[in-house]
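# A look at the structure
Here's the letter readout for the chains.
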Amino acid sequence: MSSRLDTPRRVGLLVTCLMDAMRPAAAFATVRLLEAAGFTVDVPRAQTCCGQPGYNGADEQTARALARRVMEMFADHEAVIVPSGSCAGMLIHHYPKLCAPGTAEHAAAALAAKTSELCAFLHRHDVQPLEKRWRGGKVVWHDSCASLRESSTAEAARAVLGKIDGLDLMEAAEAESCCGFGGLFAVKLPELSLELADRKIAALMATGADIVCGPDPGCLLHLESRIRARDLPLRVMHVAELLAGEAPS
Amino acid sequence: MSFRARSRAALADAALQKALANVPPGFVAKRARAVAAWADFESVRKTAAAHKRAVLADLETHLARFTERAEAAGARVHRAANAGRARAVITGILRRAGARAVVKGKSMVSEEIDLTAALEEAGFAVTETDLGEYIIQLRHERPSHIIAPAVHLSREQIAADFLNAHDDLPPDRDMADNAALVEEARAVLRQRFCAADAGIIGANALIAETGTTMLVTNEGNGDLCANLPRLLIVIASIEKLVVDFAGAANLIRLLARSATGQEISVYTSFFTGVRRDDEAGGPEEMHIVLLDNGRRALLGTPFSDMLACIRCGACLNHCPVFQAVGGHAYGDVYPGPMGLALQPALKPAALEDGIIEGCTMCGRCAEVCPMLIPLPDLIRQHRFRAHEKGYGARAVRGGLRLWAWLAARPAAYRLATRLGGWLLRRFPMLARARGRKLPAPAGAPFMVRRRS
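About the criteria used
Residues numbered from 1 in each chain as written. Chains lettered and ligands numbered in written order. Predicted model: local features only at pLDDT ≥ 70, side-chain atom pairs only at ≥ 80, totals over all residues. Heavy atoms only, no water. Helix = DSSP H or I, 4+ residues; strand = E, 2+ residues; numbered from the N terminus. Rg over C-alpha atoms; globule rule 2.2 N^0.38 Å. Buried < 20%, exposed > 50% of the residue type's maximum accessible area, 1.4 Å probe, protein only. Axes fitted to C-alpha atoms, helices over the stretch in contact; angles between N-to-C directions. Left-handed = near helix turned anticlockwise from the far one by under 90°. Contact = heavy atoms within 4.5 Å. Nonpolar A, V, L, I, M, F, W, Y, C, P; charged D, E, K, R; others polar. Buried area = accessible area lost by both parts, 1.4 Å probe. Salt bridge = Lys/Arg side-chain N within 4 Å of Asp/Glu carboxyl O. Polar contact = N/O pair within 3.5 Å; in protein donor to acceptor, adjacent residues only side chain to side chain. Disulfide = S-S within 2.5 Å. Pairing = 2+ DSSP bridges. Phe/Tyr/Trp six-rings, centres within 6.5 Å; stacked < 30°, edge-to-face > 60°. Lys NZ or Arg CZ within 6 Å of the ring centre and 35° of its normal. Parallel < 35°, antiparallel > 145°, perpendicular 65-115°, else oblique. Domains from an automatic or database assignment.

### Quick notes on the overall build of chain A
Across its full length, chain A holds 13 helices and eight strands. Its C-alpha atoms give chain A a radius of gyration of 17 Å, near enough to 18 Å, the size a compact globule of 249 residues would have. Its C-alpha atoms put chain A at 50 × 45 × 25 Å along the principal axes. Evaluated residue by residue, chain A yields a buried proportion of 61% over its 249 residues.

Spelled out as structure tokens, the structure:
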């Protein structure tokens, strides 16, 4: 792990729009984890959304405008933490594509270099979970697509969760398949989105788990909304909540 | 009909869903095993992807070289700017040769230009000889997958089609297993091969250094199409060019593993010119039709990456949307991620029916693409263009505008998220919509409560 010298003491948090509005407990859990590890957490007041809906949904101009806001907001932070695989992927991989040479490409590259998804950051700095001993039931892990392919979360999350005694993380079949959220995809093609959710939920439940845990508020909200509509015995937790010792929803 | 309507119909089609359930174990698992067992996958992938991009950067030179070498070997090379021109060239060749019965190998380019229908309309008797293509020809359907054209069908459906089509065979014959169906198709197709005046095949590569066309099949039907009739026509699109046999060899190694998980296709054949005097077989007359149909215009644009596509089908097989709805829902011969990236690039009208929305941006297609094509990025570029042109549901566009306005105004945004959460807690019925029940947030938004 890194020495104390290259460990940032003050970190910026992009809480992400879905976690802010729909799962505030996970945002507080994120702050608690970081503060307990000795980091000062700065949450820029002007933050709203990273721009992903516009970026994947069609509106390039709005996505670019929001990217610039985020780049300015975190210009002075040494490290930026994002408790969402897809939003972290947006800052790390997609902002640089949105900023053509001669526009703000240096700022985008600088932000990308200092941005980490939460689990990747916790793992890199050897942060200990606040939850020491798990007694909460069987947990199955759901990698989000972005956390598998864009934010180096998959291994880091398993390593950090592995520090909790009594937590045997289960793996579902077809774990690399998308859960069908896809942001505006779920709005534009709702039947397909639900079908993919049902397939994912079936694979998760086939493990016999009581709880599904993951690093991406988008996937979790999508799956939870379907689980509740079907009244299924599967609860949902964001990885920050589990690490911080919160109860599942 | 929109993509959404077609995908809804596909989800409700029980026979289709049963057939599609074979895709993950059949293709995804086999590819994973083949790639895991091949230490050179990443390095060959990089070499092949770079080779293809270098060819595309100097396409005219390689095309000229290919043409010169192929004609030196006795073939005639034709350039077709568009589908209509390609159909006219091929019809003309067949007419001049006095051909009537035509056997055809599998070719996505021939599907792209709707060749079989055009030839039938012109009076030729055309038989598709790839088993999957033969089945869908009997059903008057289009392929639903670029390498497995009948993947949307179950064995029971195929048996019923054969009972219906092969009415000279005893109706009570045993058709219970795949082997029986294959044997029956083989017997029927053998007669067609022997009686054919001309063969039409596609190409997986055009090798510039020798003027050779390369074809891979698992059934050997392409070789019979090419070698039994006296006239051979090869149809291929211009981006199939590679510099040399080394370039072609890398494509073979990537193609079979990515497509079906085989190390190599069962038949891999190279066709260079007409039958020579000392040869016992092969065509007396060979034509190669090179199709552009919008491709050259892609050079120098982001979509030129699609000209590196080798049509392995890995992106289809790994796509959650394709796995759920199959190929016909895409309304074109090119489905799945490669279809979303290619269709609107070749014909902008494809932006209108919403197929480009059929992608969750999960990125698995790019992860498995042997030619390193950034498929989600290309699909996103199409979405940007569609948005600029004003396509898409008015409610969604309005929602996006409202979101964009709020996201740039933190104070208003806080009010909106606060109000939204309050409404969900106060009126639980608002949380239920379209098969979902949104969880009400536990308390006011984080950004409202957080003080620092």
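### Overview of the packing of helix α4 (residues 60-73) of chain A against helix α5 (residues 85-98) of chain A
Residues and elements named next belong to chain A. For the pair α4 and α5, the least separation of the axes is 10 Å and the interaxial angle reads 115°. When the axes of α4 and α5 are compared, the crossing they make is left-handed. Between α4 and α5, the contacting residues are Glu60, Ala63, Arg64, Leu66, Ala67, Val70 and Met71 on the first element and Leu91, Tyr95 and Leu98 on the second. For the contact of α4 with α5, the class distribution of residues is eight nonpolar, no polar and two charged.

### Looking at the interface of chain A and chain B
A common way to express how large an interface is: the accessible area buried when the components associate. Contacts between chain A and chain B engage 62 residues on the former and 56 residues on the latter. Both sides together, the interface formed by chain A and chain B hides about 5300 Å², and carbon and sulfur atoms give 60% of it. Connecting chain A to chain B are five salt bridges. A salt bridge links Glu191 of chain A to Arg4 of chain B; the nearest nitrogen and oxygen atoms lie 2.6 Å apart. Along the contact surface separating chain A from chain B lie 25 residue pairs in polar contact (both at pLDDT 80 or more). Tallying contributions element by element places helix α11 (residues 190-205) of chain A first for the side of chain A that touches chain B, with eight residues. Of the residues contributing to the side of chain A that touches chain B, the split by class is 31 nonpolar, 14 polar and 17 charged.

### A short note on the state of the cysteines
For the structure shown, the criterion picks out zero disulfides over all chains. The structure places no disulfide on Cys178 of chain A, whose sulfur is separated from the nearest cysteine sulfur, that of Cys145 of chain A, by 4.1 Å. With no disulfide of its own, Cys319 of chain B has Cys362 of chain B as its nearest cysteine by sulfur position, at a separation of 6.5 Å.

### Quick word on the environment of Tyr334 of chain B
Residue and element names in this part refer to chain B. Along the chain, Tyr334 turns up in the loop between α15 (320-325) and α16 (336-346). Linking Tyr334 and Arg76, residues 258 residues apart in sequence, is a C-alpha distance of 28 Å. Residues in contact with Tyr334, not counting those within four places in the same chain, are Met108, Val109, Glu112, Ile146, Arg295, Arg311, Gly339, Leu342 and Gln343.

### Points about the pattern of salt bridges
Per the counting criterion, the structure on display carries 43 salt bridges over all chains. A cluster of three or more residues bridged by salt bridges with shared partners is formed by Glu112, Glu239, Lys240, Arg295 and Arg311 of chain B.

### Things to note about the sheet that holds strand β9 (residues 267-271) of chain B
Across a sheet, paired strands are connected by hydrogen bonds in the backbone, their directions being either parallel or antiparallel. One open sheet accounts for four strands, arranged β8-β5-β6-β9 (chain B); its pairing is mixed. Looking along the sheet, the strands with just one partner apiece sit at the ends: β8 (241-242) and β9 of chain B.

### Topic: the packing of aromatic side chains
Tallied over the full model, the rule gives nine aromatic pairs over all chains. Pairing Tyr55 of chain A with Phe384 of chain B gives two aromatic rings, centres 6.1 Å apart and planes at 55°, and the pair type is tilted. In this pair, Tyr55 of chain A is assigned in helix α3 (residues 52-57) and Phe384 of chain B in helix α18 (residues 375-388), connecting two distinct chains. One exposure class covers both Tyr55 of chain A and Phe384 of chain B, and it is buried. Among the aromatic residues, ring-to-ring pairing joins Phe3, Phe322 and Tyr330 of chain B into one connected group. The residue whose ring lies beneath Arg9 of chain A is Phe39 of chain A, and the NZ or CZ to ring-centre distance is 4.9 Å. The ring of Trp38 of chain B has Arg257 of chain B sitting right over it, with the charged end atom 3.9 Å from the ring centre.

### Side note on the packing of α4 of chain A against helix α19 (residues 394-407) of chain B
The contact between α4 of chain A and α19 of chain B brings their axes to 11 Å, and the two run at 20°. Judged on the interaxial angle alone, α19 of chain B and α4 of chain A are roughly parallel. The handedness of the crossing between α4 of chain A and α19 of chain B comes out as left-handed. Across from Thr62, Leu66 and Arg69 of chain A in α4 of chain A, the residues of α19 of chain B making contact are Trp403, Ala404 and Ala407 of chain B.

### Some words on unusual backbone geometry
Although it is not a glycine, Asp231 of chain A adopts a positive phi angle of roughly 60°. Summarising the element assignment, Asp231 of chain A is placed in the loop between α12 (217-229) and β8 (235-238). Phi at Arg434 of chain B is positive, roughly 45°, even though this residue is not glycine. Mapped onto the elements of the fold, Arg434 of chain B is located in the loop between β11 (432-433) and β12 (436-437). Residue classification places Arg434 of chain B among the exposed positions, given a relative accessible area of 53%.

### A short note on the pairing of strand β2 (residues 101-104) of chain B
Pairing between β2 of chain B and strand β3 (residues 125-128) of chain B: four bridges, direction parallel. When the bridges of β3 of chain B are listed, Lys104 of chain B appears paired with Glu128 of chain B.

### Here's the deal with the sheet that holds strand β10 (residues 285-291) of chain B
Residues and elements named next belong to chain B. The six strands lie next to each other as β1-β10-β7-β4-β2-β3, forming an open sheet whose pairing is parallel. Because the sheet does not close on itself, it has two edges, and the strands there are β1 (75-80) and β3. Between one strand axis and the next, the sheet turns by 20° as a mean value, whatever way the strands run. Sheet analysis places strand β7 (residues 231-237) next to β10, joined by seven bridges and oriented parallel. Residue Ser237 lies in a different strand from β10, and its bridge partner there is Leu291.

### Structural notes on the domain arrangement of chain B
Along its sequence, chain B is carved into domain 1 (38-293) and domain 2 (402-449). The C-alpha-based centres of domain 1 of chain B and domain 2 of chain B are spaced at 56 Å.

### Concerning the domain arrangement of chain A
Residues and elements named next belong to chain A. Segmenting chain A into domains produces domain 1 (10-124) and domain 2 (139-243). A C-alpha centroid distance of 21 Å is found between domain 1 and domain 2. Contacts between the two partners involve 27 residues from domain 1 and, on the opposite side, 27 residues from domain 2. Overall, the association of domain 1 and domain 2 removes approximately 2000 Å² of surface from exposure, summing both partners, and the carbon and sulfur fraction of that is 66%. Seen at the junction of domain 1 and domain 2, the total is two salt bridges. A salt bridge links Glu224 to Arg23, with the shortest nitrogen-to-oxygen separation between them at 3.0 Å. Taken together, the elements giving at least two residues each to the side of domain 1 that touches domain 2 come down to α1 (17-22), α2 (24-36), α3, α5 and α7 (118-124).

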